[in-house]
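Structural description and commentary
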Amino acid sequence: MTQDEHFMAIAIEEARAGAAMGEQPFGAVVVRDGAVVCRTRSLKVSTSDTTAHSETLAIKTATQTLQTRTLTGCTFYCTCEPCPMCLGAILNSGITRLVIGARNADVARLGTLAFNYKDYTVESFAEMVGWELELRPGVLGEECIELYRSAVVELTR
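What comes next is a walk through the structure. These numbers were taken from a predicted model, which means no experiment stands behind them.

A few words now on unusual backbone geometry. Phi at Asp33 is positive, roughly 50°, even though this residue is not glycine. With respect to the helices and strands, the residue Asp33 is situated in the loop between β1 (27–32) and β2 (35–41). For Gln67, which is not glycine, the phi dihedral falls at a positive 55°. Inspection of the secondary structure puts Gln67 in the loop between α3 (54–66) and β3 (74–80).

At a closest axis distance of 11 Å, the pairing of helix α1 (residues 3–20) and helix α7 (residues 141–149) adopts a crossing angle of 5°. Relative to α7, the element α1 is oriented roughly parallel. Contacts from Met8, Ile12, Ala15 and Arg16 in α1 reach Glu143, Cys144 and Leu147 in α7. The residue makeup of the contact of α1 with α7, split by class, is five nonpolar, no polar and two charged.

Okay, the pattern of salt bridges next. Inspection of every chain in the model, using the stated rule, returns ten salt bridges. Two residues, Arg39 and Glu14, come together in a salt bridge whose shortest N-O distance is 2.7 Å. Placement of the pair is Arg39 in strand β2 and Glu14 in helix α1, with a sequence separation of 25 residues. Residue Arg39 is classed as partly exposed on the basis of its relative accessible area of 36%. The partner of Arg41 in a salt bridge is Glu14, and the shortest N-O contact between them spans 3.0 Å. Of this pair, Arg41 sits in strand β2 while Glu14 sits in helix α1, and the two are 27 residues apart along the sequence.

What counts, and where the lines are drawn
Residues numbered from 1 in each chain as written. Predicted model: local features only at pLDDT ≥ 70, side-chain atom pairs only at ≥ 80, totals over all residues. Heavy atoms only, no water. Helix = DSSP H or I, 4+ residues; strand = E, 2+ residues; numbered from the N terminus. Axes fitted to C-alpha atoms, helices over the stretch in contact; angles between N-to-C directions. Parallel < 35°, antiparallel > 145°, perpendicular 65-115°, else oblique. Contact = heavy atoms within 4.5 Å. Nonpolar A, V, L, I, M, F, W, Y, C, P; charged D, E, K, R; others polar. Salt bridge = Lys/Arg side-chain N within 4 Å of Asp/Glu carboxyl O. Buried < 20%, exposed > 50% of the residue type's maximum accessible area, 1.4 Å probe, protein only.

Next comes the structure, spelled out in structure tokens:
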């Protein structure tokens, strides 16, 4: 197992734990120097907060844990390609390496209300804003897609 697969497996654990609590199955992990800074899951359902995505919660938790406004030198792992809101938070944090599992297009095929972002991708967002982002998509991709295939809750981000 590669280092990226190891940390993505932790994000998958978070997504599964969230799903077991009735949340949508999204997980995220922030890593610095080979160590987990934080691991989070979506809390949209339990908090009635549409912004409580695993990714935004990870940025908040990591900056508070490290007591810094930026996460330069960190790698961000998420089970699904981040939505525009979450990707904006990742950009604003100063992260330049992003590892994702499932693509929005993969998950959109599984539900009717999820991911209505037309041609949006991480790459198109990064190009639009001039972000020098190292992207590694598809890490444990099939496992991540399965999170959403088996989700009981309709995915509406």
